[in-house]
Amino acid sequence: MALLTRITGPRDLDRLSPEQLDQLAAEIRSFLVDAVSKTGGHLGPNLGVVELTIALHRVFESPKDKILWDTGHQSYVHKLLTGRQDFSRLKMKGGLSGYPARAESEHDVIENSHASTVLGWADGLAKANEVLRRDDHVVAVIGDGALTGGMAWEALNNIAEAKDRPLVIVVNDNERSYAPTIGGLANHLATLRTTDGYERFLARTKEILDRTPVVGKPLYETLHGAKKGLKDFIAPQGMFEDLGLKYVGPIDGHDIEALESALTRAKRFGGPVIVHCLTEKGRGYQPALADEADRFHAVGKIHPDTGLPISSSGADWTGVFADEMVELGREREDIVAITAAMLQPVGLDKFAKAFPDRVYDVGIAEQHGAVSAAGLATGGLHPVFAVYATFLNRAFDQVLMDVALHKCGVTFVLDRAGITGTDGASHNGMWDMSILQVVPGLRIAAPRDADQVRAQLREAVEVDDAPTVVRYSKGAVGPAVEAVGRVGGMDVLREAGTDTPDVLLVSVGALAPMCLEIAGLLDQQGISTTVVDPRWVKPVDEAMAPLADRHRVVVTVEDNGRVGGVGCAVAQALRDAGVDVPLRDFGIPPRFLDHASRKEVLAEIGLTAPDIARQVTGLVSKLDGRYEQAEVRAARD
Ligand SMILES: Cc1ncc(C[n+]2csc(CCOP(=O)(O)OP(=O)(O)O)c2C)c(N)n1
Ligand SMILES: CC(=O)[C@@H](O)[C@H](O)COP(=O)(O)O
Ligand SMILES: [Mg+2]
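The structure displayed is predicted, hence computed values, not measured ones. For every chain, the first residue of its written sequence is number 1, and the numbers climb from 1 along that sequence. Lettering of chains starts at A and numbering of ligands starts at 1, both following the order in which they are written. Reporting of local features is limited, given that this is a predicted model, to residues whose pLDDT is at least 70; pairs of side-chain atoms are given and counted only at 80 or more, and all residues count toward the totals for whole chains, interfaces and linings. Remark: hydrogens and water are excluded; side-chain values derive from all non-hydrogen atoms of the structure.

## Considering the overall build of the chain
Reasoning step 1: Strands here mean DSSP runs of E at least two residues long; helices mean DSSP runs of H or I at least four residues long; both are numbered from the N terminus. In terms of regular secondary structure, the chain is built from 25 helices and 18 strands.
Reasoning step 2: Here the radius of gyration uses the C-alpha set of atoms, whereas the globule reference equals 2.2 Å times the residue count to the power 0.38. Over its C-alpha trace the chain gives a radius of gyration of 28 Å, about what one expects of a compact globule, namely 26 Å for 637 residues.
Reasoning step 3: Principal-axis analysis of the C-alpha atoms places the extent of the chain at approximately 115 × 55 × 50 Å.
Reasoning step 4: Scored against the burial criterion, the 637 residues of the chain give a buried share of 57%.
Reasoning step 5: Contact criterion: two residues are considered in contact whenever any of their non-hydrogen atoms come within 4.5 Å of each other. Look at the contacts in the chain between residues 6 or more apart in sequence, and 76% of them connect residues 24 or more apart.
Reasoning step 6: A total of about 26,200 Å² of accessible surface is found on the chain, and carbon and sulfur atoms cover 53% of it.
Reasoning step 7: Neither His nor the chain ends contribute to the count of charged residues, in which Lys and Arg are positive and Asp and Glu negative. In plain terms, the charge of a residue is placed at NZ if it is Lys, CZ if Arg, CG if Asp and CD if Glu. Here the chain carries 68 positive and 88 negative side-chain charges, and the mean point of each set is 4 Å from the other. Working definition: with a 1.4 Å probe on protein chains only, accessible area under 20% of the residue-type maximum means buried, over 50% means exposed, and in between means partly exposed. Shrake-Rupley sampling with a 1.4 Å probe provides the accessible areas, and residues are treated as covered by the protein chains on show and by no other component.

## Quick look at empty space enclosed by the protein
Reasoning step 1: Space inside and on the surface of the protein is sampled on a 1 Å grid over the protein atoms alone, with a cavity defined as a set of points where a 1.4 Å probe fits but cannot get out and a pocket as an open set with protein on both sides within 12 Å along at least 5 of 7 lines; lining residues have an atom within 4 Å of a point. Grid points are joined across faces, edges and corners, and a volume is the space filled by probe spheres set on the points. Considering all chains together, one arrives at three cavities of 30 Å³ or more under this definition.
Reasoning step 2: If you add up the space inside the largest cavity, you get close to 70 Å³.
Reasoning step 3: Taken together, Trp317, Ala417, Ala446, Pro447, Arg471, Tyr472, Ser473, Val508, Gly509, Ala510 and Asp559 make up the full set of residues lining the largest cavity.
Reasoning step 4: Residues are grouped as follows: Ala, Val, Leu, Ile, Met, Phe, Trp, Tyr, Cys and Pro are nonpolar; Asp, Glu, Lys and Arg are charged; every other residue, Gly included, is polar. The residue makeup of the lining of the largest cavity, split by class, is seven nonpolar, two polar and two charged.

## Side note on the coordination of the magnesium ion (ligand 3)
Reasoning step 1: Donor atoms are limited to N, O and S found within 2.8 Å of the metal ion, a distance that becomes 3.2 Å for Na, K and Ca. With water left out, some sites might look partial. On the protein side, the magnesium ion (ligand 3) has Asp144 (OD), Asn174 (OD1) and Arg176 (O) as donor atoms, found 2.0 to 2.2 Å from it.
Reasoning step 2: Taken in sequence order, the residues that donate to the magnesium ion (ligand 3) follow the motif D-x29-N-x1-R.

## Quick look at the site of ligand 2
Reasoning step 1: If a single non-hydrogen atom of a residue is within 4 Å of a molecule or strand, that residue counts as near it. Taken together, the neighbourhood of ligand 2 is formed by 13 residues, with Tyr178, Tyr388, Arg416, His427 and Lys474 sitting nearest.
Reasoning step 2: Between N or O atoms, a polar contact is any pair within 3.5 Å; within protein, one atom must be a potential hydrogen donor and the other a potential acceptor, and residues adjacent in sequence are included only when both atoms are from side chains. Here an oxygen atom of ligand 2 sits 3.1 Å away from a polar atom, N or O, in the side chain of tyrosine 99.
Reasoning step 3: Histidine 427 is positioned with one of its side-chain polar atoms (N or O) 2.8 Å from an oxygen atom of ligand 2.
Reasoning step 4: Burial of ligand 2 by the surrounding chains reaches 88%, relative to a free accessible area of 350 Å².
Reasoning step 5: Classifying every residue of the shell around ligand 2 gives four nonpolar, six polar and three charged.

## A short note on the packing of helix 14 (residues 317-331) against helix 20 (residues 450-462)
Two quantities define a packed helix pair, namely the angle between the axes and the distance from one axis to the other.
Reasoning step 1: Look at helix 14 against helix 20: their axes get within 9 Å of each other, and the N-to-C directions meet at 40°. Between helix 14 and helix 20, the crossing angle belongs to the class labelled oblique. Along this stretch, helix 14 crosses helix 20, giving a crossing that reads as right-handed. In this structure, helix 14 contributes Trp317, Val320, Phe321, Glu324, Met325, Glu327, Leu328 and Glu331 to the contact, and helix 20 contributes Ala450, Val453, Arg454, Leu457, Arg458 and Val461.
Reasoning step 2: Considering only residue class, the contact of helix 14 with helix 20 consists of nine nonpolar, no polar and five charged. Between the N-to-C directions of two axes lies an angle of 0 to 180 degrees, each axis being a line fitted to C-alpha atoms and, for a helix, fitted only over the stretch in contact. By the definition adopted for this analysis, an angle is roughly parallel if under 35 degrees, roughly antiparallel if over 145, roughly perpendicular if from 65 to 115, and oblique otherwise. Handedness of a helix crossing follows the sense of rotation of the near helix relative to the far helix, less than a right angle counterclockwise being left-handed and clockwise being right-handed.

## Some points on the nonpolar core
Reasoning step 1: Buried Ala, Val, Leu, Ile, Met, Phe, Trp, Tyr and Cys residues that are joined via side-chain atoms within 4.5 Å together make up what is termed a nonpolar core. By size, the foremost hydrophobic cluster in this structure holds 79 residues, and its most contacted members are Phe321, Met325, Phe412 and Leu436.
Reasoning step 2: For this core, the element with the highest residue contribution is helix 14, accounting for six residues.
Reasoning step 3: Leu3, Ala55, Leu259 and Ile302 belong to the second largest nonpolar core, which has 52 residues in total.

## Quick word on the state of the cysteines
Reasoning step 1: By definition, disulfides here are pairs of cysteine sulfur atoms that lie within 2.5 Å. Tallying each qualifying case throughout the model produces zero disulfides.
Reasoning step 2: In this model cysteine 515 remains outside any disulfide bridge; the closest cysteine sulfur is found in cysteine 568, 17 Å from its own.
Reasoning step 3: Take cysteine 568: its relative accessible area is 32%, and that puts it in the partly exposed class.

## A word on the site of ligand 1
Reasoning step 1: As a structural note, the neighbourhood of ligand 1 is formed by 23 residues, with His73, Ser113, Gly145, Lys281 and Glu366 the closest of them.
Reasoning step 2: One of the side-chain N or O atoms of aspartate 144 is found 3.0 Å from an oxygen atom in ligand 1.
Reasoning step 3: The contact in question runs from an oxygen atom of ligand 1 to an N or O atom on the backbone of glycine 145, over 2.7 Å.
Reasoning step 4: Contact with the protein chains hides 98% of the accessible area of ligand 1, taken as 580 Å² for the molecule alone.
Reasoning step 5: For the shell around ligand 1, the residue count by class is eight nonpolar, 10 polar and five charged.

## Points about the sheet that holds strand 16 (residues 536-538)
Reasoning step 1: At least two DSSP bridges between two strands are required for those strands to pair. Ordered in space as 7-6-8-9-11-10-16, the seven strands form an open sheet in which the pairing is mixed. Strand pairing shows two members of the sheet lacking a second neighbour, strand 7 (359-361) and strand 16, which therefore form its edges. Neighbour-to-neighbour, the strand axes of the sheet open up by a mean angle of 25°, direction not taken into account.
Reasoning step 2: Note that strand 8 (residues 382-388) and strand 9 (residues 411-415) share five bridges and pair parallel.

## Description of the UniProt feature "domain: Transketolase-like pyrimidine-binding" (unreviewed entry) in the chain
Reasoning step 1: The positions UniProt marks with the feature "domain: Transketolase-like pyrimidine-binding" (unreviewed entry) are residues 315-479.
Reasoning step 2: End C-alpha to end C-alpha, residues 315-479 measures 10 Å, and it is 39% helix and 16% strand. UniProt positions are given in the numbering used here, feature names are shortened, and annotations may be inferred rather than shown by experiment.

## Brief notes about unusual backbone geometry
Reasoning step 1: At the junction of glycine 249 and proline 250, the peptide bond is cis and its omega measures out at -5° in the coordinates.
Reasoning step 2: The phi angle at arginine 133 is positive, at roughly 50°, despite the residue not being glycine.
Reasoning step 3: Its place among the elements puts arginine 133 in the loop between helix 5 (118-131) and strand 2 (138-143).
Reasoning step 4: The backbone phi angle of arginine 295 is positive, close to 50°, even though this residue is not glycine.
Reasoning step 5: Mapped onto the secondary structure, arginine 295 falls in the loop between helix 13 (286-289) and helix 14.
Reasoning step 6: Residue classification places arginine 295 among the buried positions, given a relative accessible area of 14%.

## Some thoughts on the packing of aromatic side chains
Reasoning step 1: Side-chain rings of Phe, Tyr and Trp (the six-membered ring for Trp) are treated as a pair once their centres are within 6.5 Å; stacked means planes under 30 degrees apart, edge-to-face means over 60, and tilted covers the remaining angles. Inspection of the entire model under this criterion finds 11 aromatic pairs.
Reasoning step 2: With a centroid separation of 6.2 Å and an interplanar angle of 5°, the aromatic rings of phenylalanine 240 and tyrosine 247 are classed as stacked. Tyrosine 247 shares its class with phenylalanine 240; the two are buried.
Reasoning step 3: Here tyrosine 388 and phenylalanine 391 contribute two aromatic rings whose centre-to-centre distance is 5.7 Å and whose plane-to-plane angle is 10°, an arrangement assigned as stacked. Each of the two residues, tyrosine 388 as well as phenylalanine 391, counts as buried.
Reasoning step 4: An aromatic cluster of at least three residues, connected via ring pairs, comprises Phe31, Tyr76 and Phe87.
Reasoning step 5: Positioned over the ring face of tryptophan 536 is arginine 443, at 4.6 Å from the centre of the ring. The rule for a charge over a ring is simple: NZ of Lys or CZ of Arg within 6 Å of the ring centre, and within 35 degrees of the ring normal.

## Here we look at the pattern of salt bridges
Reasoning step 1: Basic side-chain nitrogens of Lys or Arg form a salt bridge, by our definition, when they fall within 4 Å of a carboxyl oxygen of Asp or Glu. The final tally for this structure, using the stated rule, is 42 salt bridges.
Reasoning step 2: One salt bridge connects arginine 29 with glutamate 51, and the closest N-O pair in it is separated by 2.8 Å. Highlighted residues: arginine 29 in helix 1 (residues 18-39) and glutamate 51 in helix 3 (residues 50-59), separated in sequence by 22 residues. The same class applies to arginine 29 and to glutamate 51, which are both buried.

## Focus on helix 16 (residues 366-378)
Reasoning step 1: Expected span of a helix: the number of residues minus one, times 1.5 Å. Helix length check: helix 16, at 13 residues, gives a terminal C-alpha distance of 18 Å against a target of 18 Å (1.5 Å per residue), a fit within 8%.
Reasoning step 2: When we look at burial in helix 16, the residues that qualify are Glu366, Gly369, Ala370, Ala373, Ala374, Leu376 and Ala377. Buried residues of helix 16, viewed axially, fall in a sector of 165°; they line one side.
Reasoning step 3: Of the residues flanking the end of helix 16, it is glycine 380, one or two places downstream, whose phi is positive at about 105°. This arc corresponds to the set of directions leading from the helix axis out to the C-beta atoms.

This is the structure in structure tokens:
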């Protein structure tokens, strides 16, 4: 790493020769494979942007110029070139974030990770430069996948309008999101890729003319000067130029010299310009290139030589859903599936294999996915839209106004619900049960184990006149948690063992084993506890209020934001029923949580069995104290 370790900031790149730049690119690739194989992370995307990042940092002057990365998962090389070379704790507590992070560096402008936002940011920053008369540049790097998001097009619509407001958009076209990027836009990029456009024509002409030096240079310059007419003559530049954006490309995204030349021209242009770069996801690393599914988009710990995972975590929630979907698909021809560019990560790959005509990849377009689902349902099908919980945030209005208002039978399967941890603040699925609480008619299932995923998915797809949601966690699914009884539609997981029980513990989803542990700890303190799993947490089961009324305290525990979550809904239901029992709700506080393992985050926010047991013990003791005081008062009076 002779060169890489000497790069302490972007300006150190200025003094490197072309040969040294190539060597630096090779060093960075080997660093990435070595470092990310130890920690896990977004290996494929970063291997693809090594030369592009070097060229960007040579042509632009970050942090004065703002370099923005859409989604941000491909910012590792940017980190390496901006003084962050300790990757030993990547995505771990106290280590580097997996995305741009303002706390880490003045070179990181936005803390993203939800896709397709960068053009909006760039638009705003460019407008600010204009109003404040700054001559700084704004450069937005967006992938072909992120470009399928509607927000990107809303921004382009604005950006194209201001002909003399400088803004450089780099389209990092590796032809893939996780899997190959789909749709009309992807097809258009493919046409641009294969068109022998102006750039390639000019490069070839230059090559030929360089061999005839006498007439070569003047002729080349004449051709270059006549570029607009020449461009139209050679090949139509398509949609981008039709929109009013200057188009430069396609550029070989692994040729630093070509990249620098294109970026320099874009920088000088003085208006909005698109630089279309062709890159290869997983570049230089054979195991990634051989992985047709996702080119090592995001890996766990792997053996660097083979790319094979170090350990396999056994059955996970996604896998249970994946298998059950195939079963359901066999049983019911009306069941169709939707993914927003994440077929494999959400577990719809098996369904797609079995029923290729019944799965729709809508691109990174959660809003459209939800509305399209409303259309499918209205057309007589039952769509299952599988999406990470955090990404459904985007489609809230569509769930409310299109799916729910129209009473459409659409099932949303929310993967990665609850604390996911290592992907940081934006990836925790901690908002879904709060925002969805307000949607009339919508029902939410929070299965506690694999059997319940299967059972509740089946119950969900039976509902054809309202949206249903099935939400579960990331990673390994725990052992089955057997019910010992049933009250209304709720499973009783533990009886208090007395006619005058102290605590009703309402356990939500995957937290069932923890709730049973809490009950055990309370038992040791002489506090008798009923543990109930409502299964369907919205609407609150009608049996909840009478059950609560038989206890002295109600405690809810959920892997979701406390504000507006299941605890709030239960409290409201009890109030509505006139049940006056103290309630204490445990959940995720309304804070953005730094990246760390799920276990560390849960410990930090006090969502652990000992913490909760301690607090509940305190609460019960306080009630006992009050009770005793009342008795003393009564005896005295
Ligand atoms: C709103 C949203 N939906 C889904 C995702 C999950 N996701 C992360 S990266 C990615 C693919 C991005 O493709 P592209 O922009 O082409 O970048 P590449 O990885 O190919 O460099 C997806 C779907 C996300 N981050 N944000
Ligand atoms: C950038 C992004 O949004 C995804 O790639 C995310 O990192 C995936 O997370 P999982 O590892 O939980 O699938
Ligand atoms: Mg891509």
